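# A closer look at the structure
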Amino acid sequence: MAGKTDIGPPDFRNFLPPVIKNNYGKWKYHEIVRPGVLLHVAESGDKIWSVRVGGARLVCTDRIREYAEIADKFCDGHLRFTSRHNVEFLVVDESQLEPLIKDLGERGYPIGGTGASITSIVHTQGWVHCHTPATDASGVVKSVMDALFEHFVNMDLPAQVRIALACCLNMCGAVHCSDIAILGIHRLPPVVKNDKLPKVCEVPSTISSCPTLAIKPDPKTKGVQVNDERCMYCGNCYTMCPAMPLMDPEGDGISLWVGGKVSNARSGPAFSKLAVPYLPNTPPRWPEVVEAVKKIVDVYAEGANKHERIGEWIDRIGWEKFFERTGFEFTDKHIDDFTLAQLTLRNTTQFKW
Ligand code: SF4
Ligand code: SF4
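Reference entry: report on the structure contained in this document.

Parameters and conventions
Residues numbered from 1 in each chain as written. Chains lettered and ligands numbered in written order. Predicted model: local features only at pLDDT ≥ 70, side-chain atom pairs only at ≥ 80, totals over all residues. Heavy atoms only, no water. Pairing = 2+ DSSP bridges. Helix = DSSP H or I, 4+ residues; strand = E, 2+ residues; numbered from the N terminus. Disulfide = S-S within 2.5 Å. Buried < 20%, exposed > 50% of the residue type's maximum accessible area, 1.4 Å probe, protein only. 1 Å grid on protein atoms, 1.4 Å probe; cavity = no way out; pocket = protein on both sides within 12 Å on 5 of 7 lines; lining within 4 Å. Points joined across faces, edges and corners; volume = space filled by probe spheres on them. Nonpolar A, V, L, I, M, F, W, Y, C, P; charged D, E, K, R; others polar. Axes fitted to C-alpha atoms, helices over the stretch in contact; angles between N-to-C directions. Contact = heavy atoms within 4.5 Å. Parallel < 35°, antiparallel > 145°, perpendicular 65-115°, else oblique. Left-handed = near helix turned anticlockwise from the far one by under 90°. Salt bridge = Lys/Arg side-chain N within 4 Å of Asp/Glu carboxyl O.

## Some thoughts on the pairing of strand β1 (residues 27-34)
Strand direction decides the pairing type here: β1 and strand β2 (residues 37-42), joined by six bridges, are antiparallel. If you follow Glu-31 over to β2, its bridge partner there is Leu-39. Where β1 folds back onto β2 in an antiparallel hairpin, the turn is made up of two residues, including Gly-36, whose phi is positive at roughly 90°.

## Describing the state of the cysteines
Using the criterion set out here, one finds one disulfide in the structure. Across the disulfide, Cys-201 is cross-linked to Cys-241 (sulfur-sulfur distance 2.1 Å). An S-S torsion of about 75° defines the bridge between Cys-201 and Cys-241 as right-handed. Remark: Cys-241 occurs in the loop between α7 (236-240) and β10 (253-258) and Cys-201 occurs in the loop between α5 (197-200) and α6 (203-208); sequence separation between them is 40 residues. We note that Cys-201, like Cys-241, is buried.

## A short note on empty space enclosed by the protein
A complete count under the given rule lists one cavity of 30 Å³ or more for this structure. Empty space within the largest cavity amounts to approximately 100 Å³. Along the wall of the largest cavity there are 16 residues; nearest its centre are Cys-210, Cys-231, Met-232, Cys-234 and Cys-237. Here the lining of the largest cavity is composed, by residue class, of 12 nonpolar, four polar and no charged.

## Details of the sheet that holds strand β6 (residues 163-166)
Overall, mixed pairing links the four strands, which are arranged β6-β7-β10-β11 in an open sheet. Each end of this open sheet is capped by a strand with a single partner; those strands are β6 and β11 (273-280). Neighbouring strand axes in the sheet, compared pairwise and without regard to direction, differ in orientation by 20° on average. Where strand β7 (residues 180-185) meets β10, six bridges bridge the pair, whose relative direction is antiparallel. Its bridge partner lying in β10, Ile-185 is registered against Gly-253. With respect to the sheet, helix α8 (residues 287-303) is in contact with β6, β7, β10 and β11, its orientation differing from that of β10 by roughly 5°.

## Concerning the packing of α8 against helix α9 (residues 310-317)
Between α8 and α9, the least distance of the axes is 11 Å, while the angle of their chain directions is 65°. Between α8 and α9, the angle is such that the two are roughly perpendicular. Handedness of the α8/α9 crossing: left-handed. For the pair α8 and α9, the contacting residues are Ile-296, Val-299, Tyr-300 and Gly-303 in the first and Ile-310, Trp-313 and Arg-316 in the second. Residue composition of the contact of α8 with α9, by class: five nonpolar, one polar and one charged.

## A word on the packing of α9 against helix α10 (residues 319-326)
Close contact between α9 and α10 brings their axes to 6 Å; oriented N to C, the two are set at 110°. Classified by the angle between their axes, α9 and α10 sit roughly perpendicular to one another. Residues Trp-313, Ile-314 and Ile-317 of α9 form the contact with α10, whose own contacting residues are Trp-319, Lys-321, Phe-322 and Arg-325. For the contact of α9 with α10, the per-class residue count stands at five nonpolar, no polar and two charged.

## Overview of the pattern of salt bridges
Per the counting criterion, the structure on display carries 18 salt bridges. When the shortest N-O distance is used, the salt bridge between Asp-103 and Lys-73 registers 3.6 Å. Within this pair, whereas Asp-103 is found in helix α3 (residues 97-107), its partner Lys-73 is found in helix α2 (residues 61-74), the two being separated by 30 residues in sequence. The buried category is assigned to Asp-103, whose relative accessible area is 9%. When its relative accessible area of 52% is taken as the criterion, Lys-73 is described as exposed. Between Arg-309 and Asp-179 there is a salt bridge, with the nearest N and O atoms lying 2.8 Å from each other.

## Re the layout of surface pockets
Of the pockets and cavities examined, the second largest pocket occupies roughly 560 Å³. Together, 23 residues line the second largest pocket, and Gly-54, Gly-55, Ala-56, Lys-142 and Met-145 are the ones closest to its centre. Mapped onto the lining of the second largest pocket, the elements with two or more residues apiece are α2 and α4 (138-153). With seven residues, α4 is the largest single contributor of residues to the lining of the second largest pocket.

These values are about where atoms sit, not about what they do.
Now the structure itself:
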């Protein structure tokens, strides 16, 4: 085939269900038939139903084989994975819809995550795989989602609530723009092991890996020194140099951020803002984090208007009310003191008490 290479992912067009290929770019509208079931209708009149099943980011081959078996039985083999780790079974033959839903129910797969619900949490590698995490990913996500499960299968919130988790501030997850963001944070600079560093690391590239210029050479040891005042605990240096670990069982923990979104509906996309600066790492169920996230969801569900995302709700009631209603403490950590902070500081008298 022209242009075919042996590297990179295969062309997605080779895997589209025929109905999507035939109607590509010509879809007229879609609707949510019931929680977790979307119907897309094309200009040609063709229809396709997507049945969304809650999934996980890390799945075993047995699970994938089971998904494939279900898709073969009801969907001519067609399914897709969403960016938030759900699985969508794509049904063209309407008579297969109810049998599919019944079969999924019997297997214990939850159907939901559409519209004004909480869909699965997009997350990063955590302790399973990455080298710089300040917290776990899958463990926290499982604990939080267990507490919010009813909002996955029911569209009972004012609007959709997107939750993301990144296990360090390099954030391979979408924590910068999610309604609720769970972000692992380190709170101490890296430990510099200069007895090993010159033997295992390149000093110039280690120095240049630091975005805040906190690292300089240490002529005595032929290693490096870190200016703690300039360090923002990002872990970039540890990525370059294994002799600068910054994992710390006591200092590492979780911060919570709120009000971000990507959508352009009603208001523009927005960054998430700090709500809780630190919660401890308490595996295996992270009760403090679960309680705080649930609190945000509960007060939002109680106070927001229909269609209002979390950020829009906070903008309407004011941050003072947000802290009052959630009971979260407002601390000095909430005040932006980084470069260009003036742009983010409120500099009018428009307080909303
Ligand atoms: Fe690794 Fe940080 Fe990405 Fe987590 S967010 S997977 S710790 S780089
Ligand atoms: Fe620089 Fe980040 Fe390393 Fe701190 S943790 S010294 S900010 S690279």
